[in-house]
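# What the coordinates show
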Amino acid sequence: VPFVAAGHNGLINEIGTVGGTEAYSNPITSGEIVGSQSSINAGRGPANAFDQSAALAAATNNNVGSWWMIDLGADRAIVLDRFGVQAADEDGHRPKNYKIRGSNDGAAWVDLITVVNTEVPRNAWWVGVCSDTTKYRYFQVINTGPTTSSSNYLTLGEVELWGTYYEGPATL
């Protein structure tokens, strides 16, 4: 799933449209991907980061080290080339200090991209480049410092991944 431009055109869209053969369906709510986060603020769970609308974000409570995570499933992995975050248009808790991490067991994490004091503008996409060439099944965004509102909420309007996608038994 090569990077063309920031937006809904990467791996999440690929899974949500079954390779472009169906209308988009949120991969978390359909059960294709498992999402979780350290806490859920006001009902804004992990699936909101894949609803193709920055109007309602996935959001954690105001806790240090807040995180959001996806599990692509046992038969899926990606060598990440780029990771995109779209800031929500609903509030001022936009990401500013965070890490994108990869894992193959959901416990031991590898830092792939580190973002320091870089604001994601409201309703805009930030896309980070990853140079790691390992296939990963799990991805996590973890808050490592204050947001644009000097809080510890992790608020993700949308998330997308681009890279070399592997699907099928014995993927890892």
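See the structure above.
All figures in this text were calculated on a predicted structure; none of them were measured in a lab.

Calculation rules
- Residues numbered from 1 in each chain as written.
- Predicted model: local features only at pLDDT ≥ 70, side-chain atom pairs only at ≥ 80, totals over all residues.
- Heavy atoms only, no water.
- Helix = DSSP H or I, 4+ residues; strand = E, 2+ residues; numbered from the N terminus.
- Rg over C-alpha atoms; globule rule 2.2 N^0.38 Å.
- Buried < 20%, exposed > 50% of the residue type's maximum accessible area, 1.4 Å probe, protein only.
- Areas by Shrake-Rupley, 256 points an atom, 1.4 Å probe, with all protein chains shown as cover.
- Lys, Arg positive; Asp, Glu negative; His and termini not counted.
- Charge placed at Lys NZ, Arg CZ, Asp CG, Glu CD.
- Contact = heavy atoms within 4.5 Å.
- Core = buried A, V, L, I, M, F, W, Y, C linked by side-chain atoms within 4.5 Å.
- Salt bridge = Lys/Arg side-chain N within 4 Å of Asp/Glu carboxyl O.
- Phe/Tyr/Trp six-rings, centres within 6.5 Å; stacked < 30°, edge-to-face > 60°.
- Lys NZ or Arg CZ within 6 Å of the ring centre and 35° of its normal.

### Quick look at the overall build of the protein
Tallying secondary structure elements over the protein gives one helix and 11 strands in all. Going from the N terminus to the C terminus, the protein shows its helices and strands as α-β-β-β-β-β-β-β-β-β-β-β. Scaling as 2.2 N^0.38, a compact globule of 172 residues should have a C-alpha radius of gyration of about 16 Å, and the protein matches this with 15 Å. A burial count over the protein gives 49% of its 172 residues as buried. When the accessible surface of the protein is summed, it comes to about 7200 Å², and 48% of that surface belongs to carbon and sulfur atoms. In the protein, the 10 positive side-chain charges and the 17 negative ones have mean positions that sit 7 Å from each other.

### Details of the environment of cysteine 130
Locating cysteine 130 in the fold gives a position in the loop between β7 (125–129) and β8 (135–136). Taking the C-alpha atoms as reference points, cysteine 130 and valine 110, separated by 20 residues in sequence, lie 12 Å from one another.

### A closer look at unusual backbone geometry
The backbone phi angle of alanine 42 is positive, close to 50°, even though this residue is not glycine. Here alanine 42 is to be found in the loop between β1 (34–37) and β2 (58–59). Phi angles above zero are rare outside glycine, and serine 150 is one such case at about 60°. Mapped onto the fold, serine 150 is located in the loop between β9 (138–143) and β10 (155–156). Looking at serine 150, the relative accessible area reads 64%, which means it is exposed.

### Digging into the environment of leucine 172
Residue position: leucine 172 is located in the segment after β11 (158–167). Each C-alpha atom of the pair leucine 172 and threonine 133 lies 13 Å from the other, and the pair is 39 residues apart in sequence. For leucine 172, the residues in contact, after removing those within four places along its chain, are Ala77, Asn104, Lys135 and Arg137.

### Points about the nonpolar core
Among the nonpolar cores identified, the biggest contains 32 residues, and Trp68, Ile70, Phe83, Phe139 and Leu161 are the most heavily contacted of them. Considering every element that reaches this core, the biggest residue donor is strand β4 (residues 76–86), with four residues. Those residues in contact with tryptophan 68, other than ones at most four positions away along the chain, are Ser36, Gln37, Pro46, Ala49, Phe50, Ala58, Phe139, Gln140, Val141, Leu154, Leu156 and Val159.

### So, the pattern of salt bridges
Applying the stated criterion across every chain, the model contains six salt bridges. The salt bridge partner of arginine 76 is glutamate 32, with a shortest N-O separation of 2.5 Å. Separated by 44 residues along the polypeptide, arginine 76 in strand β4 and glutamate 32 in the loop between α1 (11–16) and β1 bring together distant segments of the chain. Accessibility expressed as a relative area gives 10% for arginine 76, which makes it buried. With a relative accessible area of 39%, glutamate 32 lands in the partly exposed category. Where arginine 137 meets aspartate 71, a salt bridge forms, and the shortest distance between an N and an O atom there is 2.7 Å. Residue arginine 137 is found in the loop between β8 and β9, and its partner aspartate 71 is found in strand β3 (residues 67–71); the two are separated by 66 residues along the sequence. Among the charged side chains, a network of salt bridges with common partners joins Glu32, Arg76 and Glu167.

### What about the packing of aromatic side chains?
This structure, assessed with the given rule, holds four aromatic pairs. Pairing tyrosine 136 with phenylalanine 139 gives two aromatic rings, centres 6.3 Å apart and planes at 80°, and the pair type is edge-to-face. Using a relative accessible area of 0% as the deciding quantity, one classes phenylalanine 139 as buried. Against the face of tyrosine 166 rests lysine 135, its NZ or CZ located 4.4 Å from the ring centre.

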